[in-house]
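Letter by letter, the chains look like this.
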Amino acid sequence: MKLTKAQYDEIAQFLGHVQPTRQSLRKLKEKFPSQSQSTLLSIFSQEYQKQIKRTHAKHHTAEAIEAYYQRYLNGVMKNAAAPVLLELANEVDFAPSLMARIVLERFLQEKEQAIPSKTLINSMLRDPSRIPDGVLANQVYQCTVNDCCYGPLVDCIKHAIGHEHEVLLREILLEKNLSFIAEDQLRAKGYDKTPDFILEVPVAVEGHIIHWIESKASFGDESSHQAYLQDQFWSYWNRILMEKVSEGSAL
């Protein structure tokens, strides 16, 4: 089912008035029952990430970091089993996994008397059992499993979905008897930036000639399209078009 620009705008406007929680996802589905769960979840994630980017800086000032850390310490002192970090993240409208990162980094900085490496922090976020404090490890775990849009768990899910989409796309191309070169073959030929598939014989779809296909496991709104154009698509277009022209000239 195609989603019109007006329908997308209505969904985005609705999301501007709710918190990024699983309860809000249920409300979203109730409000727009004709849209698929995957479409709504993808738009939900996109809009929330935009919000986080707009407010990211204010949560990383020295004052904010210290305030969050002290609130964490005071909270677990009163009740170590309570979801202190998760509730704090929801209160200040910040992603739980990113709040966990802030507090974990501050904790390690105090413990080691040095700024911890990103590699160390990332490894502890992926596996909280490596955190040398049981209470904090539990708090970080709660944030990770309750975050809909950020964190190592979400990253794994996105990677799995992306791989699944590529497999399905490959099966469709084979089913349609379309000859193609896959990304791994392109990289073996020395391509640095590659689409998922280049069609050896272009096809027409709704009046457009398709030379290559890039599968994205996310919703393609205007801002993401512009980012992909700059980061990937123009380089695909230039590289593949120039090769087609060169091949044609050599015939």
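This text follows the structure it describes.
So, a few notes on the structure that sits alongside this text. Predicted, not measured: the structure shown is a model, and the values here were computed from it.

Rules used in this analysis
- Residues numbered from 1 in each chain as written.
- Predicted model: local features only at pLDDT ≥ 70, side-chain atom pairs only at ≥ 80, totals over all residues.
- Heavy atoms only, no water.
- Pairing = 2+ DSSP bridges.
- Helix = DSSP H or I, 4+ residues; strand = E, 2+ residues; numbered from the N terminus.
- Salt bridge = Lys/Arg side-chain N within 4 Å of Asp/Glu carboxyl O.
- Buried < 20%, exposed > 50% of the residue type's maximum accessible area, 1.4 Å probe, protein only.

Comments concerning the pairing of strand E2 (residues 197–205)
Stage number 1. With 3 bridges joining them, strand E1 (residues 180–182) and E2 adopt antiparallel strand pairing. Bridging across to E2, alanine 182 finds its partner in phenylalanine 197.
Stage number 2. In this structure, E2 lies alongside strand E3 (residues 208–213), joined through 5 bridges in antiparallel fashion. Across the sheet, the residue bridging to isoleucine 198 is tryptophan 212, located in E3.
Stage number 3. The turn joining E2 and E3, which pair antiparallel and follow one another in sequence, is formed by 2 residues; a positive phi near 50 degrees is taken by glutamate 206.

Things to note about the pattern of salt bridges
Pairing between side chains becomes possible if they bear opposite charge and their charged atoms approach one another.
Stage number 1. Applying the stated criterion across every chain, the model contains 5 salt bridges.
Stage number 2. The partner of arginine 106 in a salt bridge is glutamate 66, and the shortest N-O contact between them spans 2.9 Å. Taken together, the positions of arginine 106 in helix H6 (residues 96–112) and glutamate 66 in helix H4 (residues 62–78) put the pair 40 residues apart, joining distant regions of the chain.
Stage number 3. Overall, the relative accessible area of 29% leaves glutamate 66 in the partly exposed class.
Stage number 4. Between glutamate 91 and arginine 71 there is a salt bridge, with its nearest N and O atoms 2.8 Å apart. Taken as a pair, glutamate 91 in helix H5 (residues 84–91) and arginine 71 in helix H4 lie far apart in primary sequence, 20 residues in all.
Stage number 5. Residue class for glutamate 91 comes out exposed when judged on its relative accessible area of 51%.
Stage number 6. For arginine 71, a relative accessible area of 40% corresponds to the partly exposed category.
Stage number 7. Within this structure, Glu66, Arg106 and Glu110 form a network of salt bridges that share partners.

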